[in-house]
Amino acid sequence: MSETHDVVELILEDHRTMEDLFRRMRSVEADRAQALEEFSHLLIAHALAEEAEVYPALKRYRNIDNEEVEHGEEEHEEGNEALLALLEVDEVGSDEWDEKLEELVEAITHHADEEERTILNGARENVAMKRREELGVAFLKERAHQLGSGCGSVENVRGIVKG
């Protein structure tokens, strides 16, 4: 993690970490189950922190498209569903596991790409650095709280998905 508190940069750092975890989950030489566990906790903590601290604040900005922010929340749900499907596969590295992993990669990569092009670019252009840093501090605090609560456990992910 860098020393920045800019919420845009913090979110981008998490996206790059998720990409690294995808590479580990795809590698037969890596501890794929461990990579999935790390990914699960990061994804859930990241999304919950965005929805609690970042998205509501960005909706208040006139030049940031509220529909894009709401679409981001919908894509979080799709990502959570894909994550749960992978977490519920019995055998790491099986054909089913690989199939569910690729569905997860597709859902998360699509969301991260859209979020970076629309929401984060909008925030970079329209939100003062001081406010982005305040949002970054709030994002990190909520993310740490979620990580400390075991948010990525299969039981918790199931509860989030099933509502």
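Please refer to the structure higher up on the page.
Note that the structure is predicted; figures quoted are calculated from it, not measured.

1. Thoughts on helix H3 (residues 66–87)
Stage number 1. Compared with the 32 Å implied by 1.5 Å per residue over 22 residues, the 32 Å span of H3 between its first and last C-alpha is a close match.
Stage number 2. Buried within H3 are the following residues: Val-69, Gly-72, Glu-75, His-76, Gly-79, Asn-80, Ala-82, Leu-83, Leu-84 and Leu-86.
Stage number 3. Turning to H3, the residues buried within the fold contact helix H1 (7–26), helix H2 (32–58), helix H4 (95–126) and helix H6 (154–162).

2. Thoughts on the pattern of salt bridges
Stage number 1. Evaluated as defined, the whole model comprises 15 salt bridges.
Stage number 2. Note that Arg-23 is salt-bridged to Asp-20, the shortest N-O span being 2.4 Å. Taken together, the positions of Arg-23 and Asp-20, both in helix H1 and three residues apart, correspond to about one turn of that helix.
Stage number 3. Accessibility expressed as a relative area gives 41% for Asp-20, which makes it partly exposed.
Stage number 4. The network of salt bridges with common partners includes Arg-16, Glu-19 and Glu-116.

3. Description of the packing of H2 against H6
Stage number 1. In the contact formed by H2 and H6, the axes pass within 11 Å of each other and the chain directions differ by 40°. One element, H2, and the other, H6, form an angle in the oblique class. Between H2 and H6 the crossing geometry is left-handed. Facing H2, whose interface residues are Ser-40, Ile-44 and Leu-48, H6 presents Asn-156, Val-157 and Ile-160.
Stage number 2. Looking at side-chain class alone, the contact of H2 with H6 contains four nonpolar, two polar and no charged residues.

4. A look at the packing of aromatic side chains
Stage number 1. Taken as a whole, this structure holds one aromatic pair when the rule is applied.
Stage number 2. Plain terms: the ring middles of Phe-22 and Phe-39 are 4.8 Å apart, the flat faces sit at 35° to each other, and that makes the pair tilted. Placement of the pair is Phe-22 in helix H1 and Phe-39 in helix H2, with a sequence separation of 17 residues.

Analysis parameters
- Residues numbered from 1 in each chain as written.
- Predicted model: local features only at pLDDT ≥ 70, side-chain atom pairs only at ≥ 80, totals over all residues.
- Heavy atoms only, no water.
- Helix = DSSP H or I, 4+ residues; strand = E, 2+ residues; numbered from the N terminus.
- Expected span 1.5 Å × (residues − 1).
- Buried < 20%, exposed > 50% of the residue type's maximum accessible area, 1.4 Å probe, protein only.
- Contact = heavy atoms within 4.5 Å.
- Salt bridge = Lys/Arg side-chain N within 4 Å of Asp/Glu carboxyl O.
- Axes fitted to C-alpha atoms, helices over the stretch in contact; angles between N-to-C directions.
- Parallel < 35°, antiparallel > 145°, perpendicular 65-115°, else oblique.
- Left-handed = near helix turned anticlockwise from the far one by under 90°.
- Nonpolar A, V, L, I, M, F, W, Y, C, P; charged D, E, K, R; others polar.
- Phe/Tyr/Trp six-rings, centres within 6.5 Å; stacked < 30°, edge-to-face > 60°.

By themselves, these observations are geometric and do not establish any function.
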